[in-house]
Amino acid sequence: MKRYQVLIVILLFASFSLSAQVACDPEDFLYQDISIWQTMGIIRPLPAARPYPLQLIKGILSDVIERGDGEQRRIAEAHHRRIFGRTYTIGGKSGAAMETYHGYKQLDLGLAFDANVLFTDWVSLSASADLWATNKITVDEIAPIGEGYRRDIVEDNAKVGPMWILPAINSSVALGTDEYYLNAGLMRGSWGPYYDNGVIYGPQALHSGQFNFAVLQPSWGFNMSLYALTATPDDNQQEFYPDKYLSIHSIDWRPYNWITVSFFESVVYGGRFETMYLLPLSPYMVSQGNTGFRDNSYLGGTFSVRPFDGLKVDGTLLADDLSFNDMARLKFDTKWRIAGQIGTSYAPKRSGLLAMLSFDYTMVTPYTYSHKEGESLSSSAPNFQSYTHGGGPLGAALDPNSDRLNLRVRLRPLEGVDFDVVGILIRHGNVNEGMDDRRIREYLTAEDSYITDGSINNSSATDSGHAFFYSTPFLSQDTIQYIWQTGFDITCRLPVLKTGGYMVFRLGYRFEYNINPGINREIYTYDSSLVNADGSLADDEVIQAAAARQLSEWKDQATGKRYNNYIRLGMEYFF
C-alpha cells in the first residue's frame, strides 16, 4: 500500500503529461465546446461522422470567433492557438485511478508526440504517438459501468515489473475543403447527433481504421464511412481476428437552418471485403440480398431541432430487425430489435456560469446489436456480425435489454475551468430469465454453442430458430439490475506563458450503487449429464429439473447490492 501511495504522490505533483491535442481524437475537449456552440446556434449543422479534419475545424473556430460573444470568442481563440499555433508538441502523460469495492488501483505514465499540419487549404495531417507505462491494460481499466476504454492499447509481451510498456498511435490524413472532404486514418469514431454516447457509433470503442467522406451544404449533406473492425469470439473478447467491417451512409436534409433530418443505413459483415457496400447511393438492405442476406444490416433516422438559439432536441432510432408483417397488421406485441435515443440540451445564448445542461434517454431492446454468424453457432468462433469492435460495443455502451437516463450539468465559473455534475440511471435485464422450454433445452444440451449472460454476446440464434422471434420482453424480467451513478468532473486549464503551452488538471469522482450486480452471469450452461452416451437426450422431466436448478442458483448469485467509488486524477503539461 505504501508503494502505491508514494507513486500516486509522485504522479500528481512531480510528473507532467500531455493528452492528445489532435483533430483525429473525437474525445478532445474541443468537441464538448462544439456541442455547446451548436446548441447556442453559433455554428452551422455539421457532418454526422467525427472526428473532423483540420479544414473543417478551422472553419468552425472562425465562425465562433466571428459570431460568438466575448467569452466564446476567447475559448475559440484558445482552441485555435492550441491546434493551429504550432506544428507539433512533445511532452508526457500521467494519470491515477482507484475504485473502492475491489481496491483496484491504476497508474499511467507516458510520453507523447502530437502533430497537426495544414499543408494547404486542401491537405491536412493529424497524428498522435504515445508510449504508455501502465499497470492496467485496456480490458482491466478502472471505470464506472457503462464507460468504455480510455486508451488505444492492445496487450503485448512488453512488460517491466508490474508495468506494461505499450504504444498508442492515432493518425488521419484529410483531402478536401470544409464542404467536401475525405478523412482517412486510424482513430476513434463518433457518428450521429450525440458526440459522446450515441447508439450508432460511440467514441468509447477502441480506435479503428476509418475512411470518412462527407459533403456539407446549407440545405443537404451526405456522409459515408467505412470502418475496419476487429472480430472476437463470443466467449473470449481478448482473442482478435481481422476481416470485419462496418459501413455507414446517410443523407441529411435541412429545409431550414434550425432543423436537420437524416436517413442512414449501416451494415456489419466479415470474412471478406464487400465492394457493393462502397456504392454511395445503393441501399444496403437491397445490396445484401445479393450476398444471400448473410450480413447484419441496420437502418434508421436522426433529427436535430433547435426551436430557438440555446435549446436543441436530438433523436436517433436504429432498427436492427423488425416484424414487418405484424406491423402491417397493427400488431405491436411483436419483434422489435431497436436502439433509440432522445434528449435535449440547453446552453444559454449569453455566456455565464451555466455552460450547458443536457438530458437524454437511451433504450436498447433485447438482442439488438448481438447477431450471430448464420453458418456456425459456436461461441468460440469469431463473430463477424455482432455490432462490436475488439469485444466492446460500437453503439451505445449498454447491453441489450437495457435503458439509461443521463443528466449532465456543465458549469464554467471561469473560462479555463469546467465543473460537470453527472447523474445516471441504468436498468438491465437478462433476457434468458423467462425463456421458453425449447430454447432452454438447447442451452443445456449443446456444448460450446450458446452464451446466456444477457450481454451483447448473447445472440437470439438457436438450432431451432430465433428466441423471442415474435415478441420483445423489454425489461419485463423478474430480476432487474439498477445502476445509480452520480459524481462530478473538474477540469482546469492554465496557460504556460513562457513556452506558449498550458497545463491541465483533472479530478473526477463517481459514486455507484448497483442493485442485483450479478445479473450478467450465465443462467443456463451445458450439462453433460443430460446427454446420453449414444447422443440421445435425457427425458424432458430431467432436463426441466436441471433448468429449474440452474435458474434458482443464478437468482441467488444475481441478487444483492454493491456500492463503489471511483476516483480519477490527472495532471497535464503542454510544452
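Preceding block: the structure.
One structure accompanies this document, and this report is about it. Quick caveat, the model's predicted, so the values are computed rather than measured.

Helix and strand counts for the protein chain come out as eight helices and 26 strands. The C-alpha radius of gyration computed for the protein chain amounts to 24 Å, which stays within 12% of the reference 25 Å derived for 575 residues, consistent with globular compactness. Projected onto its principal axes, the C-alpha coordinates of the protein chain cover approximately 80 × 60 × 40 Å. Looking at the protein chain as a whole, 56% of its 575 residues qualify as buried. Taking the intrachain contacts of the protein chain between residues at least 6 apart in sequence as the baseline, contacts between residues at least 24 apart amount to 68%. Of the roughly 24,700 Å² of accessible surface on the protein chain, 60% is carried by carbon and sulfur atoms. Distance between charge centres in the protein chain, computed from 49 positive and 65 negative side chains, equals 8 Å.

A few words now on the packing of helix α2 (residues 30–40) against helix α4 (residues 70–84). For the pair α2 and α4, the least separation of the axes is 12 Å and the interaxial angle reads 145 degrees. The crossing of α2 and α4 is left-handed. Counting all contacts with α2, which are made through Leu30, Asp33, Trp37 and Met40, the residues of α4 involved are Gln72, Ile75, Ala76, His79, Arg82 and Ile83. Taken together, the residues that form the contact of α2 with α4 break down as six nonpolar, two polar and two charged.

Right, let's get into the side chain of Asp420. Along the chain, Asp420 turns up in strand β21 (residues 417–429). Looking at Asp420, its side chain comes within polar contact range of the side chain of Arg408, at 3.1 Å. Once residues within four sequence positions are removed from consideration, Asp420 is found in contact with Arg408, Val409, Arg410, Leu411, Gly487, Phe488 and Asp489.

Scanning all chains against the criterion turns up 28 salt bridges. In this structure, Asp420 and Arg410 form a salt bridge, with 2.6 Å as the shortest nitrogen-oxygen distance. Residue Asp420 is located in strand β21, and its partner Arg410 is located in strand β20 (residues 402–414); the two are separated by ten residues in the primary sequence. Taken as a pair, Asp420 and Arg410 share a single burial class, namely buried. Through salt bridges that share partners, Asp33, Arg408, Arg410, Arg412, Asp418, Asp420, Asp489, Arg493 and Arg510 make up one connected network.

Of the voids in this model, the largest pocket is the one considered here, and its volume is about 1,500 Å³. Lining the largest pocket are 43 residues, with Val139, Ile145, Gly146, Glu147 and Asp399 sitting closest to its centre. Put simply, the parts of the chain that give the lining of the largest pocket at least two residues each are β19 (392–393), β21, β24 (480–496), β25 (501–515) and β26 (561–574). With three residues, the top contributor of residues to the lining of the largest pocket is β26. The residue makeup of the lining of the largest pocket, split by class, is 18 nonpolar, 17 polar and eight charged. Here the second largest pocket is characterised by a volume of approximately 930 Å³. Taken together, 37 residues line the second largest pocket, and the ones lying closest to its centre are Gln288, Asp295, Asn296, Ser297 and His371. Listed by contribution, the elements that provide at least two residues to the lining of the second largest pocket are β12 (259–270), β13 (296–308), β14 (311–322), α6 (324–328) and β22 (461–462). Of the residues that constitute the lining of the second largest pocket, the class distribution is 14 nonpolar, twelve polar and eleven charged.

This next bit is on a negative patch on the surface. Together, Asp235, Glu239, Glu447, Asp448 and Glu522 make up a region of like negative charge exposed at the surface. Turning to its location among the elements, Asp235 is positioned in the loop between β10 (220–233) and β11 (241–256). Owing to a relative accessible area of 40%, Asp235 belongs among the partly exposed residues under this scheme.

With an omega of 10 degrees, the peptide bond between Arg50 and Pro51 qualifies as cis. Its location among the elements puts Pro51 in the loop between β1 (49–50) and α3 (54–67). The backbone phi angle of Asn516 is positive, close to 60 degrees, even though this residue is not glycine. Along the chain, the position of Asn516 falls in the loop between β25 and α8 (540–558). According to the relative accessible area criterion, Asn516 is buried, its value standing at 12%.

Two elements in contact, α2 and α3, have axes whose closest approach is 12 Å; the angle formed by their N-to-C orientations is 50 degrees. Considering the angle they form, α2 stands oblique to α3. Remark: the crossing between α2 and α3 carries left-handed chirality. Seen from α2, the contacting residues are Leu30, Tyr31, Ile34 and Trp37; seen from α3, they are Ile57, Ile60, Leu61 and Val64.

Parameters at a glance
Residues numbered from 1 in each chain as written. Predicted model: local features only at pLDDT ≥ 70, side-chain atom pairs only at ≥ 80, totals over all residues. Heavy atoms only, no water. Helix = DSSP H or I, 4+ residues; strand = E, 2+ residues; numbered from the N terminus. Rg over C-alpha atoms; globule rule 2.2 N^0.38 Å. Buried < 20%, exposed > 50% of the residue type's maximum accessible area, 1.4 Å probe, protein only. Contact = heavy atoms within 4.5 Å. Areas by Shrake-Rupley, 256 points an atom, 1.4 Å probe, with all protein chains shown as cover. Lys, Arg positive; Asp, Glu negative; His and termini not counted. Charge placed at Lys NZ, Arg CZ, Asp CG, Glu CD. Axes fitted to C-alpha atoms, helices over the stretch in contact; angles between N-to-C directions. Left-handed = near helix turned anticlockwise from the far one by under 90°. Nonpolar A, V, L, I, M, F, W, Y, C, P; charged D, E, K, R; others polar. Polar contact = N/O pair within 3.5 Å; in protein donor to acceptor, adjacent residues only side chain to side chain. Salt bridge = Lys/Arg side-chain N within 4 Å of Asp/Glu carboxyl O. 1 Å grid on protein atoms, 1.4 Å probe; cavity = no way out; pocket = protein on both sides within 12 Å on 5 of 7 lines; lining within 4 Å. Points joined across faces, edges and corners; volume = space filled by probe spheres on them. Patch = residues over 30% accessible without salt bridge, like charges linked within 9 Å, V, L, I, M, F, W, Y side chains within 5 Å. Parallel < 35°, antiparallel > 145°, perpendicular 65-115°, else oblique.

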